[in-house]
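# Geometric and topological summary
These are the residues of each chain, in order.
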Amino acid sequence: MPVVCAHLTEVTFLPEPSTRECGECIAAGDTWVHLRMCLECGNVGCCDSSKNRHATRHYQGTGHPTIRGVEPGERWVWCFIDEKAIEV
Ligand SMILES: [Zn+2]
Ligand SMILES: [Zn+2]
Ligand SMILES: [Zn+2]
């Protein structure tokens, strides 16, 4: 896997998400568009096209800067700090 940035040099593989749901949206009775997963703690949240943008809010709340797309076939990661995405 190519190095994306300083925050992703230790990622050697893409872990699979433990869930295919945004738990925070379900708790609020909302829906989402796409799911993203935090590469630091595995938290699954919804994308910026979703009403609640839980993946971005997770980063803002925790400082965990890297996520991956977890829709079927998605093989990319994104760093919020560097605002940089790469296919892996
Ligand atoms: Zn970075
Ligand atoms: Zn959500
Ligand atoms: Zn996290």
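Structure report, in brief. Keep in mind that what you see is a predicted model, and the values were worked out from it rather than measured.

## Describing the pairing of strand β3 (residues 66-69)
- Burial along β3 is two-sided: the face carrying T66 and R68 and the face carrying I67 and G69 are both buried.
- Bridge count for β3 against strand β4 (residues 76-79) is 3 bridges, and the pairing is antiparallel. Residue pairing in the sheet places I67 in a bridge with W78 of β4.
- The turn joining β3 and β4, which pair antiparallel and follow one another in sequence, is formed by 6 residues; a positive phi near 85° is taken by G73.

## Re the coordination of the zinc ion (ligand 3)
- Each protein donor to the zinc ion (ligand 3) is listed here as C38 (SG), C41 (SG), H58 (NE2) and H64 (ND1); together their distances run 2.0 to 2.3 Å.
- Along the chain, the residues donating to the zinc ion (ligand 3) fall in the pattern C-x2-C-x16-H-x5-H. With C41 in the loop between β1 (35-38) and β2 (44-46) and H64 in the loop between α2 (54-62) and β3, the pair connects residues that are 23 residues apart, well separated along the chain.

Parameters at a glance
- Residues numbered from 1 in each chain as written.
- Chains lettered and ligands numbered in written order.
- Predicted model: local features only at pLDDT ≥ 70, side-chain atom pairs only at ≥ 80, totals over all residues.
- Heavy atoms only, no water.
- Buried < 20%, exposed > 50% of the residue type's maximum accessible area, 1.4 Å probe, protein only.
- Helix = DSSP H or I, 4+ residues; strand = E, 2+ residues; numbered from the N terminus.
- Pairing = 2+ DSSP bridges.
- Donors = N, O, S within 2.8 Å, 3.2 Å for Na, K, Ca; no water.

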